[in-house]
Amino acid sequence: MQRLTISIDDNLAADFEVLIEQRGYENRSEAFRDMVRRELGEQTLQLSPQAACAATLTYVYDHHERTLAARLTDKQHNHHELTVSSMHAHLAHDLCMETVILKGPADEVRHFAESMLAQRGVRHGHLHLVPLG
């Protein structure tokens, strides 16, 4: 393991200490390692569209929207090579939430997620990508 020495201004150091405490890190090193891993992972996914990733796609939709549930399910079946699993929850009389676990090349996962979120009746959604490598 390598040791790095960095210098940062007092305000940034104080903010970093608050972050460490809020997130429950035991020390600065682990917090710093997590931030570097996250940044490098995001860079990998941006610069290498074919990089392998795992992802969660979560969306809220109106289940009264005509044929929407069937369209969303069909899209998952039509992309079975990306879709690992899904979970469905009832939030209210007219609202459902689904979380779909995805795995594959980052660009294909993004494209699939965008096509799901673009469906009429999908009200909110978010894709979270995690690099595998």
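Residues numbered from 1 in each chain as written. Predicted model: local features only at pLDDT ≥ 70, side-chain atom pairs only at ≥ 80, totals over all residues. Heavy atoms only, no water.

Caption draft 1: Layout of the pattern of salt bridges. Here the structure, examined in full by the defined rule, presents seven salt bridges. As a salt-bridge pair, Arg28 and Glu17 come within 2.4 Å of each other at their nearest N and O atoms. Here Arg28, found in helix H2 (residues 28–47), pairs with Glu17, found in helix H1 (residues 10–23); they are 11 residues apart in sequence, far enough to count as distant. Glu17 sits in the partly exposed class, given a relative accessible area of 32%. For the salt bridge of Asp94 with Arg123, the shortest nitrogen-to-oxygen distance reads 3.9 Å. With Asp94 in the loop between strand E2 (83–90) and strand E3 (95–105) and Arg123 in strand E4 (residues 122–131), the pair connects residues that are 29 residues apart, well separated along the chain. Given a relative accessible area of 28%, Asp94 falls into the partly exposed group. Within the structure, one salt-bridge network assembled from shared partners comprises Glu30, Arg33, Asp34 and Arg37. (Salt bridge = Lys/Arg side-chain N within 4 Å of Asp/Glu carboxyl O. Helix = DSSP H or I, 4+ residues; strand = E, 2+ residues; numbered from the N terminus. Buried < 20%, exposed > 50% of the residue type's maximum accessible area, 1.4 Å probe, protein only.)

Caption draft 2: The arrangement of the layout of surface pockets in detail. Each pocket or cavity is described by its volume, and for the largest pocket that value is around 590 Å³. Taken together, 15 residues make up the lining of the largest pocket; nearest its centre are Leu4, Ile6, Arg28, Ser29 and Phe32. Elements with a contribution of two residues or more to the lining of the largest pocket: H1 and H2. Broken down by element, the lining of the largest pocket gets its largest block of residues, five residues, from H2. Looking at the lining of the largest pocket, its residues break down into nine nonpolar, two polar and four charged. The computed volume of the second largest pocket comes to approximately 320 Å³. Lining of the second largest pocket is provided by 13 residues; of these, Arg38, Glu42, His128, Leu129 and Pro131 occupy positions nearest its centre. Secondary-structure elements contributing two or more residues to the lining of the second largest pocket are H2 and E4. A breakdown of the residues in the lining of the second largest pocket according to their chemical character gives five nonpolar, three polar and five charged. (1 Å grid on protein atoms, 1.4 Å probe; cavity = no way out; pocket = protein on both sides within 12 Å on 5 of 7 lines; lining within 4 Å. Points joined across faces, edges and corners; volume = space filled by probe spheres on them. Nonpolar A, V, L, I, M, F, W, Y, C, P; charged D, E, K, R; others polar.)

Caption draft 3: Representation of the nonpolar core in the model. Formed by 20 residues in total, the largest nonpolar core has its most connected members in Leu57, Tyr59, Tyr61, Leu72, Leu102 and Val109. Put simply, the parts of the chain that give this core at least two residues each are strand E1 (52–62), helix H3 (68–78), E3, helix H4 (106–117) and E4. Sequence-distant contacts of Leu57, defined by excluding residues within four places in its chain, comprise Glu98, Thr99, Val100, Leu102, Phe112, Ala113, Met116, Leu117, His126 and Leu127. (Core = buried A, V, L, I, M, F, W, Y, C linked by side-chain atoms within 4.5 Å. Contact = heavy atoms within 4.5 Å.)

Caption draft 4: Geometry of the sheet that holds E3. Pairing within the open sheet is antiparallel, and its four strands lie in the order E2-E3-E1-E4. Both edges of this open sheet fall to E2 and E4, since each of them pairs with a single strand only. If you compare each strand with its neighbour and ignore which way they point, the axes differ by 15 degrees on average. Pairing between E1 and E4: nine bridges, direction antiparallel. Bridge pairing in E4 links Tyr61 to Val122. Sheet strands touched by H2: E1 and E4. Its angle to E4, the strand with the most contacts, is close to 105 degrees. (Pairing = 2+ DSSP bridges. Axes fitted to C-alpha atoms, helices over the stretch in contact; angles between N-to-C directions.)

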